[in-house]
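One letter stands for each residue in the lines below.
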Amino acid sequence: QKEVEQDPGPLSVPEGAIVSLNCTYSNSAFQYFMWYRQYSRKGPELLMYTYSSGNKEDGRFTAQVDKSSKYISLFIRDSQPSDSATYLCAMSVGNSGNTPLVFGKGTRLSVIA
Amino acid sequence: GAVVSQHPSRVICKSGTSVKIECRSLDFQATTMFWYRQFPKKSLMLMATSNEGSKATYEQGVEKDKFLINHASLTLSTLTVTSAHPEDSSFYICSASGVRGGELFFGEGSRLTVL
C-alpha cells in the first residue's frame, strides 16, 4: 500500500459545480496536510495548509482532515474554468521546513464553461 | 507570499552533457531546499534534501554522483545533472520552506529534454 493514495481522475465538471477531491493515507504519524494546485508545466502552488484534524476555509476552497479515518478532502465551490489544473495532496510528519512532503499522484480537474 | 525562482525553465541538451539548474529563494532565507522529479501522470518524487553548508541527503535509488546538489548559500541551491541521458528527461522542481513554519514554496520547475 502506498503511503498516500489519490484518485488521478481525470475529473470533468461543469462551471459552478462543487468539486470534491480526496486523499487517503496510511501513516498515522502525518500531522501536516496540504493541497497544491499545479497548472500544466508549472511548479505546484500552495492552496491550503492544515495542521491535524478539522476544517479550514479560504474563499471558495475548504480543506477537511479526518485523522481517525486517515482521509483528507478539498472542496471547491462555484468551480471556474480557471480552476482547471492538477490538484496534489501532500502531507508530512513534521514541520515541512526540514521534513520532506509525501505527495499523492494528483487529480486532474477540468471545469467546463 | 514567499517566492522561489527556478532557472532555466526549459533546457534541451545533447546526451553526455551536463546541465545545471538553479533554485533561488527571492525574499527569504531557506536553510533547507528540496529537489523533486516529476514524471507524466506521476507524483512528485523526492530526490534529495539540501541543507545550506552541508552535503545533500539523497533518497534511495537516486545517484548522488549523477545528480549533484550544492547549497552554498541560504538563497541558492543548484542541481547538476551530469552526463545526461535521454532517460533523465523530466520535469525537475525545487522547493524551500516558507517564512511561516510548515509551508513549502515551489519553483516553477525546469523541463529537461536530453536528445
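Residues numbered from 1 in each chain as written. Chains lettered and ligands numbered in written order. Predicted model: local features only at pLDDT ≥ 70, side-chain atom pairs only at ≥ 80, totals over all residues. Heavy atoms only, no water.

**A closer look at the side chain of Gln 38 of chain B**
Tracing the backbone through its elements, the reader meets Gln 38 of chain B in strand 4 (residues 32-38). By relative accessible area, Gln 38 of chain B is classed as buried at 10%. Of the polar contacts made by the side chain of Gln 38 of chain B, one reaches the side chain of Gln 38 of chain A; its length is 2.9 Å. (Helix = DSSP H or I, 4+ residues; strand = E, 2+ residues; numbered from the N terminus. Buried < 20%, exposed > 50% of the residue type's maximum accessible area, 1.4 Å probe, protein only. Polar contact = N/O pair within 3.5 Å; in protein donor to acceptor, adjacent residues only side chain to side chain.)

**Comments concerning the sheet that holds strand 3 (residues 19-25) of chain A**
All names here are of chain A. One open sheet accounts for 5 strands, arranged 1-3-8-7-6; its pairing is antiparallel. Of all the strands in the sheet, the pair left with one neighbour each is strand 1 (4-6) and strand 6 (54-58). Going from strand to strand, the sheet's axes swing by 15° on average, the running direction of each strand aside. Two strands pair when backbone bridges link them, and strand 7 (residues 61-66) and strand 8 (residues 71-76) are joined in this way by 6 bridges, in the antiparallel orientation. Each residue of the ladder has a partner; that of Gln 64, found in strand 8, is Ser 73. (Pairing = 2+ DSSP bridges. Axes fitted to C-alpha atoms, helices over the stretch in contact; angles between N-to-C directions.)

**Considering the state of the cysteines**
In the structure shown here, the tally under the stated rule is 2 disulfides over all chains. Paired by a disulfide, Cys 23 of chain A and Cys 89 of chain A hold their sulfur atoms 2.0 Å apart. For the disulfide bridge between Cys 23 of chain A and Cys 89 of chain A, the dihedral angle about the S-S bond is near -100°, and by the sign convention the bridge is left-handed. In this pair, Cys 23 of chain A is assigned in strand 3 and Cys 89 of chain A in strand 9 (residues 85-92), connecting sequence segments 66 residues apart. One exposure class covers both Cys 23 of chain A and Cys 89 of chain A, and it is buried. Free cysteine Cys 13 of chain B: the closest other cysteine sulfur is in Cys 94 of chain B, separated by 18 Å. Relative accessible area serves as the criterion here: at 10%, Cys 13 of chain B is assigned to the buried category. (Disulfide = S-S within 2.5 Å.)

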